[in-house]
Amino acid sequence: MEPELVKVMVIGASGSGRRCLVRRLHHDDFIEDYDPFQLEPGRRAMTIDGKNYILEIEETYLLSVDENDVGVQRRYSAPVDGYLCLFSINSLSSFVELKRLVSLLEQTRGRGLPMVIVGTMCELPLTERNVEDQEVQEFALSLHATYFEVSAKHNINCFEPFQGIVKLIEKERKMKDRAEQDGNSEGGSNKKCVIC
Ligand SMILES: Nc1nc2c(ncn2[C@@H]2O[C@H](COP(=O)(O)OP(=O)(O)OP(=O)(O)O)[C@@H](O)[C@H]2O)c(=O)[nH]1
Ligand SMILES: [Mg+2]
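Each chain has its residues counted from 1, running along the sequence as written. Here chains are named by letter from A upward and ligands by number from 1 upward, in the order in which they appear as written. Given that the model is predicted, a residue must reach a pLDDT of at least 70 before its local features are reported, and side-chain atom pairs must reach 80 or more before they are shown or counted; all residues, however, enter totals for whole chains, interfaces and linings.

1. Thoughts on the site of ligand 1
Consideration 1: Nearness here has a simple definition: the residue's C-beta atom, placed using the backbone, must lie within 6 Å of the molecule or strand. For ligand 1, the set of nearby residues contains 17 residues, the closest of which are Ser14, Arg18, Arg19, Cys20 and Lys153.
Consideration 2: Numbering of helices and strands runs from the N terminus, with a helix taken as a DSSP run of H or I at least four residues long and a strand as a DSSP run of E at least two residues long. With three residues, helix α1 (residues 18-27) is the single largest residue contributor to the shell around ligand 1.
Consideration 3: Asp, Glu, Lys and Arg are counted as charged, while Ala, Val, Leu, Ile, Met, Phe, Trp, Tyr, Cys and Pro are counted as nonpolar; the rest, among them Gly, fall into the polar class. Of the residues contributing to the shell around ligand 1, the split by class is five nonpolar, seven polar and five charged.

If you want it as structure tokens, here you go:
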């Protein structure tokens, strides 16, 4: 069977670890000082629960500087299937910024978008944690999102958020298909009644 295309956007404040996480997925390495002009491949094949997917991954800050900019608005409204929403566990400002980005995204695309929340740099010691776990859990719950902690540096849990978002998207697609089928069959029986 043909693999299914899934479009995922990795969002988060500057320095939240987007690039390193995506790089870990593609190359399984960690480069401290990478070339900022080197682009990561956009696509990656993945098999989840026996089904083949092609993940199209874009990582962006979503350029939140000017929300009225047409180019920025276009990015917010891009037809993406799901979002990986990053903050780094040692930066409260990255968490605050993530909340703002998600809120802007919801204003543009509506609520209920498939999202996974990702706390990066989780190998850092407890003393460097600056974001309350409970706050993150509450945020994730409010979005019906799963929460993962990852470390691209120590290669902890880096595959799981991607797997998680694909599973969420798959679930959403199945629900839509079922709703459409139900709609069609209801439509069919109504039609029958009209004819009768
Ligand atoms: N300790 C630690 N540092 C990390 C980890 N992941 C990324 N970093 C570092 O955090 C910094 C930002 O990581 P990037 O992946 O470049 O973050 P980004 O979100 O793409 O940032 P910008 O492109 O600058 O907006 C870099 O110095 C990385 O080396 C991690 O898992 N642990
Ligand atoms: Mg980057």
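2. Digging into helix α4 (residues 133-142)
Consideration 1: Across the ten residues that make up α4, only a small minority, zero, are buried.
Consideration 2: His144 lies just past α4 and shows a positive phi near 55 degrees. As a rule, residues whose C-beta atom has 12 or fewer other C-beta atoms within 10 Å are exposed, those with 20 or more are buried, and those in between are partly exposed; C-beta atoms are placed from the backbone.

3. Structural notes on the confidence of the model for the chain
Consideration 1: Residue-level confidence of the predictor, termed pLDDT, takes values from 0 up to 100. On average, the chain scores 88 in pLDDT, and the residues at 70 or more come to 90%.
Consideration 2: At the level of individual helices and strands, the chain shows its lowest average pLDDT in helix α2 (residues 70-76), which scores 73, and its highest in strand β5 (residues 115-120), which scores 98.
Consideration 3: By the convention adopted here, residues are in contact when the distance between their C-beta atoms, placed from the backbone, does not exceed 7 Å. In the model, residues 188-196 has pLDDT below 50 throughout and makes zero contacts with residues more than four positions away in sequence or in other chains.

4. Re unusual backbone geometry
Consideration 1: One non-glycine residue, Met121, adopts positive backbone phi at about 65 degrees.
Consideration 2: For Met121, the location among the structural elements is in the loop between β5 and α4.
Consideration 3: Even without a glycine there, the phi angle at Asn157 is positive, about 60 degrees.
Consideration 4: Structurally, Asn157 can be placed in the loop between β6 (146-149) and α5 (160-195).
Consideration 5: Its 17 C-beta neighbours within 10 Å are what place Asn157 among the partly exposed residues.

5. Let's talk about the pairing of strand β3 (residues 51-60)
Consideration 1: Here, a strand pair is defined by DSSP locating no fewer than two bridges between the strands. Summarising the sheet, strand β1 (residues 4-12) and β3 pair through eight bridges and their orientation is parallel. Residue pairing across strands places Val8 opposite Ile57, the latter belonging to β3.
Consideration 2: Alignment of strand β2 (residues 43-48) against β3, held across six bridges, turns out to be antiparallel. Considered in β3, the bridge of Met46 is made with Tyr53.
Consideration 3: From the end of β2 to the start of β3, which pair antiparallel, there are two residues, and Asp49 there has a positive phi angle of about 50 degrees.

6. Some details on the sheet that holds β5
Consideration 1: Read from one edge of the open sheet, six strands run β2-β3-β1-β4-β5-β6, paired in mixed fashion. Edge positions in the sheet fall to β2 and β6, since each of these pairs with one other strand and no more. Neighbour-to-neighbour, the strand axes of this sheet turn through a mean angle of 30 degrees, independent of strand direction.
Consideration 2: The convention used is that axes are lines fitted to C-alpha atoms, helices contributing only their stretch in contact, and that angles between N-to-C directions extend from 0 to 180 degrees. Along the sheet, helix α3 (residues 92-109) makes contact with β1 and β4 (82-88), crossing β4 at roughly 160 degrees.

7. A word on the pairing of β5
Regular strands place side chains that alternate from one sheet face to the opposite one.
Consideration 1: The element β5 is extensively covered by neighbouring structure, given that six of its six residues are classed as buried.
Consideration 2: Inspection of the sheet shows β4 paired to β5 by six bridges, in the parallel sense. When the sheet's bridge partners are listed, Leu86 is paired in β5 with Val118.
Consideration 3: A crossover counts as right-handed when, viewed with the strands pointing away from the observer, the path leading from the first strand over the helix to the second turns clockwise. Note on the crossover from β4 through α3 to β5: the handedness is right-handed.
Consideration 4: Across four bridges, β5 lies against β6 in parallel orientation. By the bridge assignment, Ile117 is partnered in β6 with Tyr147.
Consideration 5: Remark: the β5/α4/β6 crossover connection has right-handed handedness.

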